[in-house]
Each structure stands twice: as structure tokens, then as C-alpha cells.
Amino acid sequence: MAVDFRFIIIGGGMMGAAAARHLSSMADGIALIGSREPEERQAHHGVFASHYDEARITRTFDGNLAWGTFAARSLDRYREIEARSGISFYSEVGCLFAVPEKGEQDYIKRALTVSRTLGSDIETIARSELGQRFPYLSVDPDSTGYFERKRAGHINPRALVRAQATLAEQGGVTLIEATATSVRDGGSHVEVTAGGRSYSAERVLVAAGGFSNFHALLPRAVDTRVMARTVAFYELGEREMAVFGGMPSTIVLGDREEDHIYILPPVRYPDGKTYLKLGGDTEALSFERLEDAGAWFRSDGSAAERDHLSRIALQLMPELAGCPVTSAPCVANFTPTGYPYAGFTQSPRIAVLTGGNFVAAKSSDELGRLGAVLLAEGRLGDEDFGGSLTPVFAAA
């Protein structure tokens with residue numbers, strides 16, 4: 001039968017929009033189906049996305065070669081995407097890792113090895129110099145710094161998604177503003193229901209992030225844990241900007257993985273105020289239903305986690321004392337493999353791209369490219385770590 005599109009991508013977030021852009025240079029007849037960000041978050045009862053924010057850390061310094069490669073490939077395309085779309089989203093302010101003597105030394109050794117492989121320039125800062133170079137930060141005196149000045153900093157995820165969608169549309173992609181609620185293999189084609197309408201395609205890529213399992217989008221649910229995350233925002237005034245205005249993105253590794261903290265430099269938000277943002281990885285709340293995930297996104301996150309982050313923030317950055325503190329919800333989508341999923345489902349016509357593992361924003365452009373290659377060519381090669389990205393599915 002004749003189909004409406006050759007390829008449909010479901011999910012207009014960071015991976016889905018990137019997949020649409022890349023696929024537009026490989027084929028014709030493409031649609032990207034995704035919902036817009038709700039104007040009133042607390043009154044919205046549909047799906048959400050985790051890119052509704054102004055800042056995400058980006059870096060190549062990573063203890064895993066695949067993740068480091070995905071990030072480096074993405075970073076190397078940022079300026080071209082900005083130039084072609086006319087939308088700025090990348091701030092190359094660098095990224096600092098501060099690591100205590102007893103904290104994650106194996107990770108640092110692996111990351112330095114990966115950096116040499118990727119040609120990244122990482123400066124090691126002795127513990128005696130760390131406080132002088134980065135006076136905004138008060139860490140353990142035995143901490144060593146690892147500073148990536150180039151190919152590192154932060155991106156505006158909202159703006160990056162806009163840039164990707166803009167270039168995808170310029171490349172001929174049809175943008176459909178709707179929520180996909182059903183994907184079904186029709187034997188010779190795939191049928192997609194979105195916004196009360198039906199669309200058909202030869203192949204479909206489901207790139208719905210943490211919401212991939214919450215509608216009938218996949219023949220079988222992927223094995224993921226959709227976990228709650230809370231971020232804290234410190235509103236900065238002129239005094240604080242004098243202290244923090246020139247800081248890089250910062251990651252402080254604790255003695256345990258759950259003690260790690262990431263800190264975004266001051267960024268102006270749509271309300272006209274400038275915030276310093278930080279978050280961690282300690283929360284255990286997970287979601288298996290759309291209703292529960294939606295309720296979380298309509299909240300302000302966890303008050304207990306906000307207070308925990310605030311205590312750490314004031315220990316690391318005492319100059320934040322007295323600043324107003326707010327919080328917001330997010331989710332992280334974890335896979336048992338530790339890698340993203342990019343592969344076909346039980347249907348040879350329905351593929352899935354998901355599993356950010358709390359680190360994928362910096363790699364989203366490359367992950368989108370892998371989703372595009374998967375749809376266009378039907379497989380991923382070893383050069384793209386295809387074997388590591390095989391999806392794991394929940395028991396039938």
C-alpha cells in the first residue's frame with residue numbers, strides 16, 4: 001500500500017529532533033511527531049520532556065569511550081548547527097572536574113585514557129592550585145582538578161531542539177505537533193496514531209525518552225528505569241555574579257557515586273533572572289505509569305532533595321548564602337547496560353532510540369545521527385558502537 005511517509009520519528013526532544021535533522025540529508029518523505037512544551041507546566045496532563053531547561057553540561061571528558069565519542073562527535077557539530085540554523089545554544093566555557101583523593105580515581109584514569117584517544121586537551125590542576133584557579137569553589141584540600149577548556153561548557157537544550165527542528169524542516173521534514181499514542185506494525189507498513197489522526201510509514205523510530213513505555217509505542221516495553229531527579233536553582237544578584245560570573249561548568253566527584261554533584265554556571269532564564277543550577281543523583285523514586293510521571297513533572301520536585309542539594313551547595317560555594325533557592329523536576333532514563341538503546345524492536349519496521357542514563361544531553365546530536373542511520377540503513381556498525389546499543393526488552 002502507499003504510505004504517508006517513508007520514515008516517521010516519534011518524539012521531538014533532543015534525540016528525536018536530531019534524528020530528523022540527520023535523516024533529512026539521507027532520505028525524503030520524513031515526518032517528526034512531537035508535542036510542544038506546555039505553556040503551563042502545572043496544568044498540563046499530557047507527556048513532558050526533560051529538555052525544558054536552559055542549561056546542560058557538555059564535555060568529552062568521560063570514563064567510557066562510547067559516551068566520550070558520542071559527546072565529541074556532537075560537540076564538533078555544534079557551531080555548524082548554530083550557523084546553519086541561526087540559533088545559538090552552545091557556550092564554550094569549559095568543564096572542571098574536582099576529585100578528592102579517595103574519590104573515583106579509576107574513573108579519572110579511564111577518562112584520561114579516553115581523552116587521549118579522542119584528542120581532547122585535559123589540564124591537570126594540582127591540589128595546591130585548584131583554589132587559586134577556581135576561587136568560587138571550596139572543595140576538600142586533597143582534591144585535584146581536571147579542566148577541559150575546549151569542546152566543553154554548556155548547551156541550552158531548548159534552543160538546541162529548536163535549531164535541530166528548524167534545520168530538519170528546512171531539509172524537507174514534515175513537523176507534526178501532536179502526541180503519538182499508538183504505533184502498530186501493519187505487516188507491510190507501520191500505522192501511527194497521533195493527535196486523533198492516523199499516519200502510515202515504512203519504518204518508525206520511537207525516540208520518546210522516559211515516556212517511551214507510557215503509550216502503546218513499542219511492541220514490547222524496553223527495560224529502563226525512569227527515575228525522578230530534582231534540580232536546585234540559586235537566584236543570583238550582582239554580588240554573586242561578581243563571584244560566579246566567569247565559572248566553567250563544574251562536576252565535583254564525591255567518595256561515592258551518589259555523592260557526585262554537577263553545577264551549571266550562571267544562566268539567564270526566560271523569567272529574566274539569572275540562576276546557578278546544581279543537581280545530583282541520589283533519588284530512588286521511579287515511575288512506571290504516565291500518570292505518576294506527569295504528576296512529578298507538575299510538581300517542584302522533592303523538597304528533601306532540594307534541601308540536600310542546598311546543604312552541599314553552601315559547603316562547596318559559601319558565597320551563595322542568602323540567595324533565594326527554588327527547585328524543579330526532571331527525570332533520568334536508565335538502562336541496565338549503561339548505554340543508550342538504538343536498535344529495532346520485535347518488528348523489523350519499528351526501532352527505538354532512548355536511554356539517556358542521565359548523561360545524554362551532551363551526546364544528543366550524535367545519538368540522533370545513529371537513530372537516522374538505523375532507520376535509513378537498517379543497522380549500526382562497530383564504528384558506531386552498534387553492538388553496545390542493542391535494546392533490552394522487558395519480559396513479555
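Because the structure is a prediction, the values reported are computed rather than measured. (Residues numbered from 1 in each chain as written. Predicted model: local features only at pLDDT ≥ 70, side-chain atom pairs only at ≥ 80, totals over all residues. Heavy atoms only, no water.)

Break down the overall build of the protein for me, citing the residues and quoting the values.
If you tally the helices and strands in the protein, you get nine helices and 20 strands. Against the 2.2 N^0.38 benchmark of 21 Å for 396 residues, the protein shows a C-alpha radius of gyration of 21 Å, consistent with a compact globule. Dimensions of the protein, computed from C-alpha atoms along their principal axes, come out at roughly 70 × 45 × 45 Å. Expressed as a percentage of the 396 residues in the protein, the buried residues total 57%. Look at the contacts in the protein between residues 6 or more apart in sequence, and 75% of them connect residues 24 or more apart. A total of about 16,500 Å² of accessible surface is found on the protein, and carbon and sulfur atoms cover 47% of it. In the protein, which carries 40 positive and 50 negative side-chain charges, the distance between the mean positions of the two groups comes to 2 Å. (Helix = DSSP H or I, 4+ residues; strand = E, 2+ residues; numbered from the N terminus. Rg over C-alpha atoms; globule rule 2.2 N^0.38 Å. Buried < 20%, exposed > 50% of the residue type's maximum accessible area, 1.4 Å probe, protein only. Contact = heavy atoms within 4.5 Å. Areas by Shrake-Rupley, 256 points an atom, 1.4 Å probe, with all protein chains shown as cover. Lys, Arg positive; Asp, Glu negative; His and termini not counted. Charge placed at Lys NZ, Arg CZ, Asp CG, Glu CD.)

Can you break down the environment of Y275 residue by residue, with the values?
Summarising the element assignment, Y275 is placed in strand β16 (residues 274–279). Ignoring any residue separated from it by four or fewer positions in sequence, one finds Y275 in contact with F233, Y234, E235, P265, P266, V267, Y269 and T326.

Describe the layout of surface pockets, naming the residues involved and giving the relevant values.
As a volume, the second largest pocket reaches approximately 470 Å³. Looking at the lining of the second largest pocket, the elements with two or more residues in it are β2 (30–34), α5 (157–170) and β9 (174–177). A breakdown of the residues in the lining of the second largest pocket according to their chemical character gives six nonpolar, four polar and five charged. (1 Å grid on protein atoms, 1.4 Å probe; cavity = no way out; pocket = protein on both sides within 12 Å on 5 of 7 lines; lining within 4 Å. Points joined across faces, edges and corners; volume = space filled by probe spheres on them. Nonpolar A, V, L, I, M, F, W, Y, C, P; charged D, E, K, R; others polar.)

So what's going on with helix α3 (residues 105–118)? Which residues, and what values?
Under the 1.5 Å per step criterion, the end-to-end length of α3 is 20 Å for 14 residues, consistent within 8% with the ideal 20 Å. The set of residues buried in α3 consists of Y107, I108, A111, V114, S115 and L118. Buried residues of α3 fall within an arc of 125° about the axis and therefore sit on the same side. Those residues of α3 that are exposed and aimed more than 90 degrees away from the buried face are D106, K109, R116 and T117. Here the buried face of α3 lies against α2 (65–85), β5 (95–99), β6 (122–125) and β7 (144–148). (Expected span 1.5 Å × (residues − 1). Arc of directions from axis to C-beta.)

With reference to specific residues and values, describe the pattern of salt bridges.
Close approach of charged atoms allows side chains with opposite charge to pair. Tallied over the full model, the rule gives 28 salt bridges. With its nearest N and O atoms 2.6 Å apart, the salt bridge here joins R158 to E54. With R158 in helix α5 and E54 in the loop between β2 and β3 (56–58), the pair connects residues that are 104 residues apart, well separated along the chain. Residue R158 is classed as buried on the basis of its relative accessible area of 18%. Note on E54: relative accessible area 11%, which makes it buried. Notably, a salt bridge pairs R151 with D76, separated by 3.2 Å at the nearest N-O pair. Taken as a pair, R151 in the loop between β7 and β8 (153–155) and D76 in helix α2 lie far apart in primary sequence, 75 residues in all. Taking relative accessible area as the criterion, R151 reaches 18% and is therefore assigned buried. (Salt bridge = Lys/Arg side-chain N within 4 Å of Asp/Glu carboxyl O.)

I'd like a rundown of the environment of L205, residues and numbers included.
Tracing the backbone through its elements, the reader meets L205 in strand β12 (residues 197–206). Residues L205 and S128, 77 residues apart in the sequence, show an inter-C-alpha distance of 50 Å. Not counting chain neighbours up to four residues away, the residues in contact with L205 comprise I8, I9, I10, A19, A351, V352, L353, G371 and L375.

Interpretation note: all reported values are geometric properties and have no functional meaning in isolation.
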